[in-house]
Amino acid sequence: MARRKKIYEGKAKILYEGPEPGTIVQYFKDDATAFNAEKRDVIEGKGVLNNRLSEYFMTGLGSIGVPTHFLRRLNMREQLVRACEIIPLEVIVRNYAAGTMSKRLGIEEGTQLPRPVVEYCYKDDSLGDPLVTEEHIAAFNWATQQDMDDILSLALRVNDFLSGVMYGVGIKLVDFKIEIGRVYDGDFQRLVVADEISPDSCRLWDIETGQKLDKDVFRRDLGSLTDAYTEVAKRLGVMPKGATAMAKPTLIN
Ligand code: CDP
């Protein structure tokens, strides 16, 4: 059997050529990185959890009419997505101050913001994904004004959807990052939510206890990352209660 073609390998995912033109297989690795890959580890089961969680969020977004690149999950670690041209921006939406916003502006982590704040970072690891303004985006032609209007409206819809879903299971959506892709339908282009939506790219705090259920557990050495992601998956009903991400084979007598 011919080996399938690897298109790209990133920090947490590998992209392979899909079975039909215009499709890509997205493989979720167990690798965790933080601080621009200065801190790294392999967290058993993370890829399986993120594959399921991203499927859950992308499918939910699709069902309320927010276009995404997601087509279907293929297996434990892979999903089929539409090939798209990724706009080189990390679109961050914040509901509460945390992380770099708290550092940059001296706002205590957890402070509720007066309204959701959308930020753009230029996707370039060698530069550490610097914060940019719409002036940079327009001047360097990373996206048009029409794209930016569409990106803002997509980001806010994703925020409302994710905030509501999380609130329903007792979790506060502090912030998250999405990436946006262009897909072409004949002569027309449209924008879709691409990449992944998972606890790797969100800050999720338990509403009651404030416990962190996201990648900060790894960044800040707060315990088991798998346990935190499993908790999110269980609350959302994505994983049956009692199941673990890496179900071990059971001996049958
Ligand atoms: O995460 P960090 O403190 O470095 O940066 P941030 O700007 O506070 O991150 C805001 C949100 O975007 C967090 O939920 C991050 O997990 C997410 N993010 C991401 O997924 N990928 C990045 N390269 C940067 C931020």
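Before any of the text, the structure's been laid out above.
About the cut-offs
Residues numbered from 1 in each chain as written. Predicted model: local features only at pLDDT ≥ 70, side-chain atom pairs only at ≥ 80, totals over all residues. Heavy atoms only, no water. Helix = DSSP H or I, 4+ residues; strand = E, 2+ residues; numbered from the N terminus. Buried < 20%, exposed > 50% of the residue type's maximum accessible area, 1.4 Å probe, protein only. Contact = heavy atoms within 4.5 Å. Areas by Shrake-Rupley, 256 points an atom, 1.4 Å probe, with all protein chains shown as cover. Lys, Arg positive; Asp, Glu negative; His and termini not counted. Charge placed at Lys NZ, Arg CZ, Asp CG, Glu CD. Near = heavy atom within 4 Å. Polar contact = N/O pair within 3.5 Å; in protein donor to acceptor, adjacent residues only side chain to side chain. Nonpolar A, V, L, I, M, F, W, Y, C, P; charged D, E, K, R; others polar. Patch = residues over 30% accessible without salt bridge, like charges linked within 9 Å, V, L, I, M, F, W, Y side chains within 5 Å. Salt bridge = Lys/Arg side-chain N within 4 Å of Asp/Glu carboxyl O. Phe/Tyr/Trp six-rings, centres within 6.5 Å; stacked < 30°, edge-to-face > 60°. Lys NZ or Arg CZ within 6 Å of the ring centre and 35° of its normal.

**A word on the overall build of the protein**
Piece 1. Within the protein one finds six helices and 14 strands.
Piece 2. Counting every position in the protein, which comprises 253 residues, the buried fraction comes to 47%.
Piece 3. Taking the contacts inside the protein whose residues are at least 6 apart along the sequence as the reference set, 57% of them involve residues at least 24 apart.
Piece 4. In the structure as shown, the protein presents an accessible area of about 13300 Å², 53% of it carried by carbon and sulfur atoms.
Piece 5. Side chains of the protein give 34 positive and 38 negative charges; the mean places of these two sets differ by 4 Å.

**Remarks on unusual backbone geometry**
Piece 1. Phi angles above zero are rare outside glycine, and Asn36 is one such case at about 55°.
Piece 2. For Asn36, the location among the structural elements is in the loop between β4 (31-34) and β5 (39-42).
Piece 3. Taking the relative accessible area as the measure of exposure, Asn36 reaches 40% and is therefore partly exposed.

**What to know about the site of the ligand**
Piece 1. Around the ligand sit 15 residues in total, of which Glu90, Arg94, Thr100, Asp175 and Arg203 are the nearest.
Piece 2. A distance of 3.3 Å separates a nitrogen atom of the ligand from a polar atom in the side chain of Asp129.
Piece 3. In the environment of the ligand, an oxygen atom lies 2.9 Å from a nitrogen or oxygen atom belonging to the side chain of Arg219.
Piece 4. If the ligand stood free it would expose 500 Å²; the protein chains cover 79% of that surface.
Piece 5. If you list the elements that add at least two residues to the shell around the ligand, you get β9 (89-96), α2 (99-105), β12 (171-185) and β14 (202-206).
Piece 6. Residue classes in the shell around the ligand are distributed as four nonpolar, three polar and eight charged.

**Quick notes on a negative patch on the surface**
Piece 1. There is a patch of like negative charges on the surface, built from Glu134, Glu135, Asp149 and Asp150.
Piece 2. For the negative patch, the secondary-structure elements that each account for two or more residues are α3 (134-139) and α4 (145-168).
Piece 3. Position of Asp149 relative to the elements: it lies in helix α4.
Piece 4. Using a relative accessible area of 42% as the deciding quantity, one classes Asp149 as partly exposed.

**Quick word on the side chain of Asp214**
Piece 1. Take Asp214: it is sitting in the loop between β14 and α5 (216-219).
Piece 2. Ignoring any residue separated from it by four or fewer positions in sequence, one finds Asp214 in contact with Pro199, Cys202, Arg203, Leu204, Trp205, Leu225 and Tyr229.

**Digging into the packing of aromatic side chains**
Piece 1. One pass over the full model with this rule turns up three aromatic pairs.
Piece 2. Aromatic side chains Tyr56 and Phe57 sit 5.7 Å apart centroid to centroid with 75° between the ring planes, which places their arrangement in the edge-to-face category.
Piece 3. Each ring, one from Tyr122 and one from Trp142, has its centre 4.1 Å from the other, and the planes form 10°; the classification is stacked. One end of the pair, Tyr122, is in strand β10 (residues 112-122); the other, Trp142, is in the loop between α3 and α4, with 20 residues separating them in the sequence.
Piece 4. Among the aromatic residues, those joined into a cluster by ring pairs are Tyr122, Phe140 and Trp142.
Piece 5. Positioned over the ring face of Phe218 is Lys39, at 5.0 Å from the centre of the ring.
Piece 6. Cation over ring: Lys172 sits above Tyr96, and NZ or CZ is 4.5 Å from the ring centre.

**A look at the pattern of salt bridges**
Piece 1. The full count for this structure, using the stated rule, is 30 salt bridges.
Piece 2. Taking the shortest distance from any N to any O, the salt bridge between Asp221 and Lys39 comes out at 2.7 Å. Remark: Lys39 occurs in strand β5 and Asp221 occurs in the loop between α5 and α6 (225-235); sequence separation between them is 182 residues.
Piece 3. Its salt-bridge partner being Asp175, residue Arg94 comes within 3.4 Å of it at the nearest N-O pair. Taken together, the residues Arg94 in strand β9 and Asp175 in strand β12 connect sequence positions 81 residues apart.

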